[in-house]
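Structure at a glance
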Amino acid sequence: MLKITEPKKVLCIHDLSGVGRCSLAVILPVLSVMGIQPVALPTVMLSTHTGGFGAPARLDGCAYGEAALEHYRELGLSFDCIYTGYLGGEAQAALAEKAFDLWPSAYKVVDPVMGDNGRAYTTVTPAFIDRMRQLCRRADLILPNATEAGLLLEKPLPDPLDEAGAQALADELAAALAPNVVVTGLQLDKYIACAGAGRERFVVKKLHIARNFPGTGDLYGAVLIGSLIQGNALSAAADNAAEFVALAIQKTPYDQDTRFGVWFEPLLPRL
């Protein structure tokens, strides 16, 4: 008789935007199609993401998150991975810390969402950056973009950044914060690059991407985590994620309003 094993579970502590392909709206279908059971824990619910639609309607999910974690603990659920993303303040950082405490054996992935394009988000304070730095130190893998890497290290990034500098940045983060690091959104000449470091070192991956979309970091993270759970090495998982994001951008029509994100849905069977 064929033995059917229970899917791996990933606790996804991210925001949920009703309009715009990002955060949980991207992460849940990607992990599901990769044979993994995602468990959504929304940190905040937004009518749209914050990238160009104006001020969204907003519902804080901190109280719900606390109650949900207690419920999962009472049920005796276990998680193979905890994946954190946008945290709307120190109280929500404490929510992620509580999840880490409740399931210490889970593989912990932190996307330290704090800024983009060289600037911190307006809600990000020095105290919150320090709290995020502490959370990163508890992670097995962190996924900062270039802006967030600079915030975590408290240093401006070289401009322009070359390939050696990108690798040195990843190495510095791995030495200071987490055993494994993938830095995304690095600008190398005409390329967008990701650089990794840690227990399994890998080369900088460069992609020629002419357009920018919200949510591609979430798409990258979801595919990378799914690939890791499927048994791939970090270098292979990073390659899989980069290629999938690049293809999703290529398949999105040029007349598409970029605020709505990439058309990744038709490509899900590839995962």
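Presented here is an overview of the structure given in this document. (Residues numbered from 1 in each chain as written. Predicted model: local features only at pLDDT ≥ 70, side-chain atom pairs only at ≥ 80, totals over all residues. Heavy atoms only, no water.)

Turning to its location among the elements, Gly-226 is positioned in helix α7 (residues 216–229). Once the C-alpha coordinates of Gly-226 and Ile-13 are considered, the two residues, 213 residues apart in sequence, prove to be 16 Å apart. Those residues in contact with Gly-226 that lie beyond four places of it in its chain are Leu-31, Met-34 and Ile-36. (Helix = DSSP H or I, 4+ residues; strand = E, 2+ residues; numbered from the N terminus. Contact = heavy atoms within 4.5 Å.)

Once that is clear, we can look at helix α5 (residues 146–153). Most of α5 sits inside the fold, with 7 of its 8 residues counted as buried. Among the residues making up α5, those that are buried are Ala-146, Thr-147, Glu-148, Ala-149, Gly-150, Leu-152 and Leu-153. In this fold, the buried residues of α5 make contact with β6 (115–116), β7 (119–120), α4 (126–137), α6 (163–176) and β9 (180–188). A distance of 3.1 Å separates the backbone nitrogen of Thr-147 from a side-chain oxygen at the start of α5, and that oxygen is part of Asn-145. Immediately beyond the C-terminal end of α5, within one or two residues, lies Glu-154, with a positive phi of roughly 55°. (Buried < 20%, exposed > 50% of the residue type's maximum accessible area, 1.4 Å probe, protein only. Polar contact = N/O pair within 3.5 Å; in protein donor to acceptor, adjacent residues only side chain to side chain.)

Moving on: the packing of helix α3 (residues 90–102) against α4. One can describe the packing of α3 onto α4 by two numbers: an axis separation of 10 Å at closest approach and a directional angle of 10°. Relative to α4, the element α3 lies roughly parallel. Listed contacts from α4 to Glu-90, Ala-93, Ala-94, Ala-96, Glu-97 and Phe-100 of α3 are Ala-127, Phe-128, Arg-131 and Leu-135. (Axes fitted to C-alpha atoms, helices over the stretch in contact; angles between N-to-C directions. Parallel < 35°, antiparallel > 145°, perpendicular 65-115°, else oblique.)

Right, let's talk about α7 for a bit. The end-to-end C-alpha distance of α7 is 20 Å, a good match for the 20 Å that 14 residues give at a rise of 1.5 Å each. Judged by how many residues are buried, α7 sits mostly within the fold: 11 of 14 residues are covered. Listing the buried residues of α7 in full gives Thr-216, Asp-218, Leu-219, Tyr-220, Gly-221, Ala-222, Val-223, Leu-224, Ile-225, Gly-226 and Ser-227. One or two steps after α7, the chain reaches Gly-231, where phi turns positive at roughly 110°. (Expected span 1.5 Å × (residues − 1).)

Before going further, it helps to examine unusual backbone geometry. Excluding glycine, a negative phi dihedral is what most residues carry, and trans is how most peptide bonds are arranged. Not every positive phi belongs to a glycine, and Ser-23 is a case in point at roughly 45°. Within the secondary structure layout, Ser-23 lies in helix α1 (residues 23–33). In this structure, Glu-154 is a non-glycine residue whose phi angle is positive, near 55°. Examined against the element boundaries, Glu-154 turns out to sit in the loop between α5 and α6. We classify Glu-154 as exposed; its relative accessible area is 66%.

The next subject is the environment of Gly-118. Looking at where Gly-118 falls in the secondary structure, it is placed in the loop between β6 and β7. For the pair Gly-118 and Gln-187, spaced 69 residues apart in sequence, the C-alpha separation works out to 11 Å.

Treat this as a map of the structure, not an account of what it does.
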